[in-house]
Amino acid sequence: MGVKFKRPEALTENHTHYCPGCTHGIIQRLVGETIDELGIRGKTVGIAPVGCAVLSYNYFTCDFQEAAHGRAPAMATGIKRVRPDLIVFTYQGDGDLASIGMGEIVHAANRGEKFTTIFVNNAVYGMTGGQMAPTTMPGQRTTTSPFGRDTSDTGMPLRVAELLSSLATPGYITRQTVISPKHIRKAKKAIKKAFEYQIEKKCFSLVEVVSTCPTNWGMTPVDALKWTEETLLAYYKLGDYKLPE
Amino acid sequence: MTKVLMKGNEAIGEAAIRAGCLNYFAYPITPQSEVAEYLSKRMPEVGGMFLQAESEVAVAYMLFGASGCGEMVFTTSSSPGISLMSEGISYIASGQLPVVFVNIIRGGPGLGGILPSQGDYFQATKGGGHGDYRLLVMAPASVQESVDMVMEAFVLAEKYRNPVMILGDGLIGQMMEPVEFPDTPPPPPPNKDEWATNGMDTRKSNTHNIVKTLFLDPEVLNNHNLKLKAKYDRMKKEEVKFVSYNTESDYKALIVSYGTMSRVCLTAIDIMKEEGLEIGMIRPQTLFPFPETAIYKAALKDSCKVVVSIEMSMGQMVEDVERCIKGVKPVQWYGKCGGEVPSPEEIIAVTKEFVKEQSI
Ligand SMILES: Cc1ncc(C[n+]2csc(CCOP(=O)(O)OP(=O)(O)O)c2C)c(N)n1
Ligand code: SF4
């Protein structure tokens, strides 16, 4: 019998440090598969964020740089401007991208920088212990919104895909999730398409992936998937927000 | 070599190109915006790259990314812009990336003014960003020296895999002087395949390179810092540069001054010499590493009653002067920092006063 399922070449054999039930691992696997299928490992540079995915370079077998909090899009811009032949992707959390790094992502997208961003939205700051993110849901309890997010005080959750798709510059912007096999297959297609647009030097591409953080949500992995489906996906609607042309 | 008349800021841009650096990221700020204006025309002519970033914060990380994948890269800015880049400079220093920064200082703190100052001495030589890191800092006193130092900065940045900063001031950036660019091409940058994230295909390797600054294991981080320190110690041995003036005379006072300010001091020293008062001067060309031994030795001279640090800041370099004098002679400071350069007459008056105080 032939091998049906194996570790992509683009991923190392290292065990990831992600919590049980966290979907960061699935998303990174999809990126790894994509790199393999497109045969781009030798010319890919990934950019790790600050947040739970900070150690991503331990899980990929391509070149990697590690960014400061939110600055990955500027670094990706720097690389692409001096080495347009390289394939560059940033992997960023919602605290990283939607808070401190909002300026960098908006301007990189608006300039139409030809790199790919994988944006992991888990509605909370994971790594630092569950503080409120710009994406935190109304009423959601976090360590810095202990009574539930009060939107009259902190505003409404930021919808990054919608916000970026309002830019006039051509781009591929889509929102996906990985909470079920069906969704995983769709997310994989989107990630692959995002890289393909970059390879074709067509446009900036961003895949927002609605993800889970059972640890900081204080839920079992199964409840976390359910809460994602019922609460997060009701506000963060899945689908393509922008296609080039 | 032919001489051309050029504005300091434009000469700095041209010098980078002549050094072989064809990648420039920047954000406009007075009094150095002419560098970006000049290079926005010039880079396309030489097949180079110029991107006007959305902020100085972004500039610093564009430099990180570009340098991290092995390309030569630089930026220019002025004080408030360098403050914004300071976060990134700390990361660039930790990532051991060769990047050249030019700071054409304006008066501060805050928005301050747009006239020349030397108020960023602490920021450049003692940090600015967080953590234990150092920049190699060079201070030109003329347009020609700016050109020479910018060209040398790229070589030193590669030699040490460390950020290098040229600390000029608004006057250097704005003045026009004749300059010469060397005919000999710069040395090619070293091969960076061992560490740069330039894509495995580029270097035909199957090992992936990682440029990172996070070292969670305390022992590993400590060792990383020791490695950086060894580099800074090597700079202290190999890169100290300064110019001595009138130090063969039996000077009554030793002036320490750098950049534009030192040129005014030269005029003052010449006038005082005519009047029969000998004053020596040491002009640091590198502010880190600082010419500690040279200043110490010059202060030891029997005739020297006082050492005077003259700066366009409220007494920043004077702390380094005091440190290296080790109390063997009294140290005084004189300076101004509203944007006005102290005149030769002012310098003569204060120097005479300091000498008189010590002679009573
Ligand atoms: C300048 C700066 N401020 C704050 C931090 C601390 N910090 C590290 S990770 C993080 C939040 C990351 O959250 P997110 O991007 O949502 O990623 P997740 O951990 O959820 O995957 C913060 C605030 C930092 N590293 N740098
Ligand atoms: S803290 Fe949350 S986001 Fe981070 S690894 Fe754990 S579950 Fe995943």
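Up top is the structure.
An account of the accompanying structure is given in this report. Keep in mind that this is a model prediction, so the values were computed, not measured.

Our focus in this paragraph is the side chain of B:Ser309. Residue and element names in this part refer to chain B. Residue placement: Ser-309 occurs in strand E14 (residues 306-311). Of the residues examined, Ser-309 reaches a relative accessible area of 0% and is grouped as buried. The residues contacting Ser-309, other than those within four sequence positions of it, are Val-256, Met-317, Val-318, Val-321, Gln-332, Trp-333 and Tyr-334.

Let's shift gears to the pattern of salt bridges. Residue and element names in this part refer to chain A. One pass over the full model with this rule turns up 36 salt bridges over all chains. Note that Arg-81 is salt-bridged to Glu-113, the shortest N-O span being 2.9 Å. Pair noted here: Arg-81 is in helix H2 (residues 72-82) and Glu-113 is in the loop between helix H4 (102-111) and strand E4 (116-121), with a separation of 32 residues, a long-range link. With a shortest N-O distance of 3.4 Å, Lys-202 and Glu-245 are connected by a salt bridge. Placement of the pair is Lys-202 in the loop between helix H7 (181-199) and strand E6 (204-210) and Glu-245 in the segment after strand E7 (239-242), with a sequence separation of 43 residues. For Glu-245, a relative accessible area of 86% puts it in the exposed group. Linked through salt bridges whose partners overlap, the residues forming this network are Arg-29, Glu-33, Glu-37, Lys-188 and Lys-192.

Residue and element names in this part refer to chain B. Over its 13 residues, helix H3 (residues 56-68) runs 18 Å from end to end, which matches the ideal 18 Å to within 8%, given 1.5 Å per residue. The buried count for H3 comes to 13 of 13 residues, which makes it a mostly enclosed element. Of the residues that open H3, the one with a side-chain oxygen 3.3 Å from the backbone nitrogen of Val-57 is Ser-55. Gly-70 lies just past H3 and shows a positive phi near 95 degrees.

What follows deals with the layout of surface pockets. Gaps between atoms show up when a probe of the same size as a water molecule is rolled over them. Residues and elements named next belong to chain B. Approximately 420 Å³ is the volume found for the largest pocket. Taken together, 20 residues form the lining of the largest pocket, with Ser-94, His-130, Thr-213, Leu-214 and Leu-221 sitting closest to its centre. Looking at the lining of the largest pocket, the elements with two or more residues in it are helix H4 (79-94) and helix H8 (218-238). Per-element tally for the lining of the largest pocket: the top contributor is H8, with 4 residues. Here the lining of the largest pocket is composed, by residue class, of 11 nonpolar, 7 polar and 2 charged.

Since the α-helix turns once every 3.6 residues, residues separated by three or four places project in the same direction. Residue and element names in this part refer to chain B. Along its 13 residues, helix H2 (residues 33-45) runs 19 Å from first to last C-alpha, staying within 8% of the 18 Å computed at 1.5 Å per residue. In the structure, H2 departs most strongly from a straight axis at Leu-39, where the bend amounts to approximately 35 degrees. Taken residue by residue, H2 has Ser-33, Glu-34, Val-35, Ala-36, Tyr-38, Leu-39, Arg-42 and Met-43 as its buried positions. Among the structural elements, strand E1 (3-7), helix H1 (8-18), strand E2 (23-26), strand E3 (49-52), strand E4 (74-77) and helix H7 (170-174) are those in contact with the buried residues of H2. Following H2 by one or two positions, Gly-47 adopts a phi angle in the positive range, close to 75 degrees.

Judged by pairing direction, the sheet is mixed, and its 8 strands sit side by side in the order E7(A)-E5(A)-E6(A)-E4(A)-E3(A)-E1(A)-E2(A)-E9(B) without closing on themselves. Of all strands in the sheet, those with a lone pairing partner are E7 of chain A together with strand E9 (210-211) of chain B, marking the two edges. Along the sheet, helix H1 (residues 24-38) of chain A contacts strand E1 (44-48), strand E3 (87-93), E4 and E6 of chain A; its crossing angle with E3(A), the most-contacted strand, is approximately 175 degrees.

Bringing the site of ligand 1 into the picture now. All names here are of chain A. Surrounding ligand 1, one finds 16 residues, the nearest of these being Asp-94, Gly-95, Asp-96, Gly-126 and Met-127. The contact in question runs from an oxygen atom of ligand 1 to an N or O atom on the side chain of His-24, over 3.0 Å. The separation between an oxygen atom of ligand 1 and a polar side-chain atom of Asp-94 is 2.4 Å. For ligand 1, the accessible surface in isolation is 600 Å², of which the surrounding protein chains cover 77%.

About the cut-offs
- Residues numbered from 1 in each chain as written.
- Chains lettered and ligands numbered in written order.
- Predicted model: local features only at pLDDT ≥ 70, side-chain atom pairs only at ≥ 80, totals over all residues.
- Heavy atoms only, no water.
- Helix = DSSP H or I, 4+ residues; strand = E, 2+ residues; numbered from the N terminus.
- Buried < 20%, exposed > 50% of the residue type's maximum accessible area, 1.4 Å probe, protein only.
- Contact = heavy atoms within 4.5 Å.
- Salt bridge = Lys/Arg side-chain N within 4 Å of Asp/Glu carboxyl O.
- Expected span 1.5 Å × (residues − 1).
- Polar contact = N/O pair within 3.5 Å; in protein donor to acceptor, adjacent residues only side chain to side chain.
- 1 Å grid on protein atoms, 1.4 Å probe; cavity = no way out; pocket = protein on both sides within 12 Å on 5 of 7 lines; lining within 4 Å.
- Points joined across faces, edges and corners; volume = space filled by probe spheres on them.
- Nonpolar A, V, L, I, M, F, W, Y, C, P; charged D, E, K, R; others polar.
- Bend = angle between axes of the 7 residues up to and from the residue.
- Pairing = 2+ DSSP bridges.
- Axes fitted to C-alpha atoms, helices over the stretch in contact; angles between N-to-C directions.
- Near = heavy atom within 4 Å.
- Areas by Shrake-Rupley, 256 points an atom, 1.4 Å probe, with all protein chains shown as cover.

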